[in-house]
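The primary structure of each chain is shown beneath.
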Amino acid sequence: MENTQFYKSVLDQDRAPVVLCNLKHEIIYMNKAAEESYAENGGAELLGKSLLDCHPPKVCEIIKKVLNWFRESKNHNMVYEFRNDEVNKDVYMVALRDESGELIGYYEKHEFRDRETMKLYDFK
């Protein structure tokens with residue numbers, strides 16, 4: 001079994017939306033949570049389209065600036081974007097790099113801050 005199947009499974013199991021983009025801002029992957037979260041904008045039909053088409057011009061300029069910052073150094077890998085108090089989460093833009101550290105794309109990371117309500121090791 002290829003490692004990519006494992007990586008895809010990790011992303012697909014995540015409860016937070018994950019949208020991966022290449023350096024041309026094309027959406028190359030969306031996990032199930034992202035497809036559901038962005039359903040009103042097209043969901044899975046957004047694959048292959050530009051992320052920049054989904055945002056207003058001011059936000060597009062910020063995305064481009066962050067991408068340029070990622071390019072400046074292999075140590076530039078995460079930027080805090082915003083806080084959403086309604087759902088208690090912080091959002092980050094994260095660099096994607098290959099094995100040599102070269103920038104290959106980016107994604108938006110959602111970190112929810114609510115305490116987990118699931119019971120410990122509940123197998124039922």
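Residues numbered from 1 in each chain as written. Predicted model: local features only at pLDDT ≥ 70, side-chain atom pairs only at ≥ 80, totals over all residues. Heavy atoms only, no water.

S.K.: Can you help me understand the packing of aromatic side chains in this one?
M.R.: Tallied over the full model, the rule gives two aromatic pairs. With a centroid separation of 5.9 Å and an interplanar angle of 50°, the aromatic rings of Trp69 and Phe70 are classed as tilted. A relative accessible area of 31% means that Trp69 is categorised as partly exposed. (Phe/Tyr/Trp six-rings, centres within 6.5 Å; stacked < 30°, edge-to-face > 60°. Buried < 20%, exposed > 50% of the residue type's maximum accessible area, 1.4 Å probe, protein only.)

S.K.: I tried to follow the sheet that holds strand β3 (residues 78-84) on my own but got confused; where do I start?
M.R.: Adjacent strands of a sheet form backbone hydrogen bonds with each other and so pair up, either parallel or antiparallel. Read across the sheet, five strands follow the order β2-β1-β5-β4-β3 without closing on themselves; strand pairing throughout is antiparallel. What marks the edges here is a single partner per strand, and that holds for β2 (27-30) and β3. Direction aside, neighbouring strands of the sheet carry axes that sit 20° apart on average. Pairing between strand β1 (residues 19-22) and β2: three bridges, direction antiparallel. Its bridge partner being in β2, Cys21 is matched across the sheet by Ile27. (Pairing = 2+ DSSP bridges. Helix = DSSP H or I, 4+ residues; strand = E, 2+ residues; numbered from the N terminus. Axes fitted to C-alpha atoms, helices over the stretch in contact; angles between N-to-C directions.)

S.K.: Could you clarify how one ought to interpret the environment of Ala95 in this entry?
M.R.: Mapped onto the fold, Ala95 is located in strand β4 (residues 89-97). Judged by its relative accessible area of 11%, Ala95 falls in the buried class. Linking Ala95 and Tyr106, residues eleven residues apart in sequence, is a C-alpha distance of 4.5 Å.

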